[in-house]
Amino acid sequence: TKVLQHGAHRVGKRTDAEMATWRGYGLGQFIHWGVYSLFGGELNGNYYNGAAEWIRSWKDMPHGVYDSAYKQFNPASFNATQWAKMAKQMGVRYVTFTTKHHDGFCLWPSKYTDYTIANSPYKKDIVKQVVDAYSKEGIDVYLYFSVMDWHNPDWRYDLKTKEDSAAFERFKLFTKNQLTELLQQYPQTKGLWFDGTWDNSWKKSGAFTDTLEQYLKTLHPGLIIGSRFRADEFGNRHVDANGVLMGDYEQGWERKIPKTYADVHGNDWDCVMTIPENGWGYQKKWLGHWKSTNEILEMTAQCVSLGGNFVLNFGPRADGTFRPEEVTIAKEAGDWMKINSAAIYNCEYTGWEKQDWGYYTKKTGENKVYMIVFNVPVSGSLKIKPAKNTLVDKAYLLTAPGKNLSLEKLDYGASFIHVSSTGYKQPFVIVLETKEGSEKSDEQKAKT
Ligand SMILES: Cc1ccc([C@@H]2N[C@@H](C)[C@@H](O)[C@H]2O)cc1
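Residues numbered from 1 in each chain as written. Predicted model: local features only at pLDDT ≥ 70, side-chain atom pairs only at ≥ 80, totals over all residues. Heavy atoms only, no water.

A.B. asks: So, the overall build of the chain: which residues are in play, and what are the values?
C.D. replies: A tally of helices and strands in the chain yields 11 helices and 18 strands. Against the compact-globule benchmark of 22 Å for 448 residues, the chain has a radius of gyration of 24 Å, which places it among compact chains. Here the C-alpha coordinates of the chain stretch approximately 85 × 55 × 40 Å along the principal axes. Buried residues in the chain amount to 55% of all 448 residues. In the chain, of all internal contacts separated by at least 6 residues, the share reaching a separation of at least 24 is 69%. Accessible area for the chain stands at about 19,300 Å²; split by element, carbon and sulfur atoms hold 52% of it. Each charge class in the chain was averaged separately, 55 positive and 52 negative side chains, and the resulting centres sit 2 Å apart. (Helix = DSSP H or I, 4+ residues; strand = E, 2+ residues; numbered from the N terminus. Rg over C-alpha atoms; globule rule 2.2 N^0.38 Å. Buried < 20%, exposed > 50% of the residue type's maximum accessible area, 1.4 Å probe, protein only. Contact = heavy atoms within 4.5 Å. Areas by Shrake-Rupley, 256 points an atom, 1.4 Å probe, with all protein chains shown as cover. Lys, Arg positive; Asp, Glu negative; His and termini not counted. Charge placed at Lys NZ, Arg CZ, Asp CG, Glu CD.)

Following this line, the structure appears as structure tokens:
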């Protein structure tokens, strides 16, 4: 391994209480809201075929049109309490909210630029309303912050000239100042979700990113920052030159989910996901397929079963209302979570061999394993193969703890759980009560 000045400062997961809370969330909400929400991916009847929050970069979008649109941003009926109650009902344990996206428009009254909500017709501090309302509902708040800032004239994609470097020095100070005011104005914030850090200018600023991260954590002890923030002195991102994660959790799973536990390399991680195929800000027209509630629940179960959190994005309209599809998903997912959240909250990877019917989760130190069943085979026989030195005492539906399901022992320590093969409209949870021990083969039994 190389001796790095600005690589990872910790190998393996954080072991403090704040990170343990983060690890147990299971389900989160992402919200993308800003000037881009005014356009909804459309201008003069033409639709941008990229992600709606990137519409400023569309060749058909004159920068002057986009950069003056904030003068129309006036969500008079915005009600952060309604947002927070919808999120509470959905069963999310944390929310990640866009304070400033790539366009540079600040949803808080930043002292370091005029391009903020304070100079819009709405005037009021949106970040404060969101932080206060969600915290009041008991939902932890994380702030999304884009380093890349298309509005700030000192932003640079690369550092080629002395002038570039002089400008970027000003930009780095601007970034540090904005992050300082966010943490000082909104101290309830539990973490920062960084984006827009892939360009050479930032990759060439490894030492600065290291110093800044340490400064932020000194300013706000316990602060949680993912792997998308830092670069090491060689410009490596997410993992340093020695392959060690730089950050409190792996932040690379954007619109994708790891297939196996090996893919997560023993790190904490979250997956952030859109309901349509792509697009985070409000889009008038969702292109292609959008996910059903059952698909969302399956992604949630898949993430928790591999030790991560699933974070579902909502893109409210410029007036602060949500699309009906989003309201429906929040309601339906919440109804399922009300019954089944024992298999999601504070759950982790079990190490049991994955089966086709769905996903295993378990709580640390509990002699229970949860089966979250999505695909019941035509036989109605669900195969289970406990981890070695683990026996299953009994099995029952989470919703019917008094009624044991029939467990048929098979060879090699496997068993069948026989359930009805039809009639399912949504996933369900089976509880396996476990104990230490190993299956005695017939020969072994015969010997004793
Ligand atoms: C190529 C690319 C860059 C940035 C993004 C941003 N990350 C997501 C969390 C959204 O904020 C999206 O705009 C998506 C794709």
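Back to the text.
A.B. asks: Kindly report on the site of the ligand, identifying the contributing residues and their values.
C.D. replies: Every residue close to the ligand is listed here: His32, Glu53, Trp54, His101, His102, Tyr144, Trp193, Asp195, Trp198, Glu254 and Trp280. Between Glu53 and the ligand, the recorded distance is 2.6 Å, taken from a side-chain N or O atom to an oxygen atom. A distance of 2.7 Å is found between a nitrogen atom of the ligand and a side-chain nitrogen or oxygen belonging to Asp195. Taken together, the residues that form the shell around the ligand break down as five nonpolar, three polar and three charged. (Near = heavy atom within 4 Å. Polar contact = N/O pair within 3.5 Å; in protein donor to acceptor, adjacent residues only side chain to side chain. Nonpolar A, V, L, I, M, F, W, Y, C, P; charged D, E, K, R; others polar.)

A.B. asks: Kindly report on the nonpolar core, identifying the contributing residues and their values.
C.D. replies: One recurring pattern in soluble globular proteins: nonpolar side chains tend to sit buried together. In this structure, Ile126 and Tyr134 are the most contacted members of the largest nonpolar core, which totals 98 residues. Aside from chain neighbours lying at most four places away, what touches Tyr134 is Gln29, Ile31, Trp83, Ala84, Ala87, Val95, Ile139 and Val141. Listed in part, the 17 residues of the second largest apolar core include Val376, Leu405, Val419 and Leu432. (Core = buried A, V, L, I, M, F, W, Y, C linked by side-chain atoms within 4.5 Å.)

A.B. asks: Kindly report on the packing of aromatic side chains, identifying the contributing residues and their values.
C.D. replies: In this description, an aromatic ring pair is defined by two values, namely the gap between the centres and the angle between the planes. In total, this model carries 41 aromatic pairs according to the counting rule given. A centroid spacing of 5.7 Å and a plane angle of 75° characterise the contact between Tyr359 and Phe374, whose relative ring orientation is edge-to-face. Taken together, the positions of Tyr359 in strand E12 (residues 358-363) and Phe374 in the loop between strand E13 (368-373) and strand E14 (381-384) put the pair 15 residues apart, joining distant regions of the chain. With respect to class, Tyr359 is no different from Phe374; both count as buried. By the ring-pair criterion, three or more aromatic residues cluster together here, those being Trp33, Tyr70, Phe73, Phe78, Trp83, Phe97, Phe105, Tyr115, Tyr122, Phe314 and Phe322. Directly above the ring of Tyr47 sits Lys285, whose terminal nitrogen or CZ lies 4.3 Å from the centroid. The ring of Tyr359 has Lys354 lying over it, and the distance from NZ or CZ to the ring centre is 4.4 Å. (Phe/Tyr/Trp six-rings, centres within 6.5 Å; stacked < 30°, edge-to-face > 60°. Lys NZ or Arg CZ within 6 Å of the ring centre and 35° of its normal.)

A.B. asks: Quick one: what's the story with the sheet that holds strand E10 (residues 309-314), residue by residue and with numbers?
C.D. replies: Sheet architecture is open: eight strands sit in the order E7-E6-E5-E4-E1-E10-E9-E8, paired in parallel fashion. Each having just a single partner strand, strand E7 (224-225) and strand E8 (250-254) make up the two edges of the open sheet. Pairing geometry for strand E1 (residues 27-31) and E10, over five bridges, is parallel. Looking at the pairing, Gln29 lines up with Leu312 of E10. The strands touched by helix H6 (residues 162-185) are strand E4 (94-100), strand E5 (140-146) and strand E6 (191-195); relative to E5, the strand with the most contacts, the crossing angle is about 165°. (Pairing = 2+ DSSP bridges. Axes fitted to C-alpha atoms, helices over the stretch in contact; angles between N-to-C directions.)

That is the geometry; function is a separate question.
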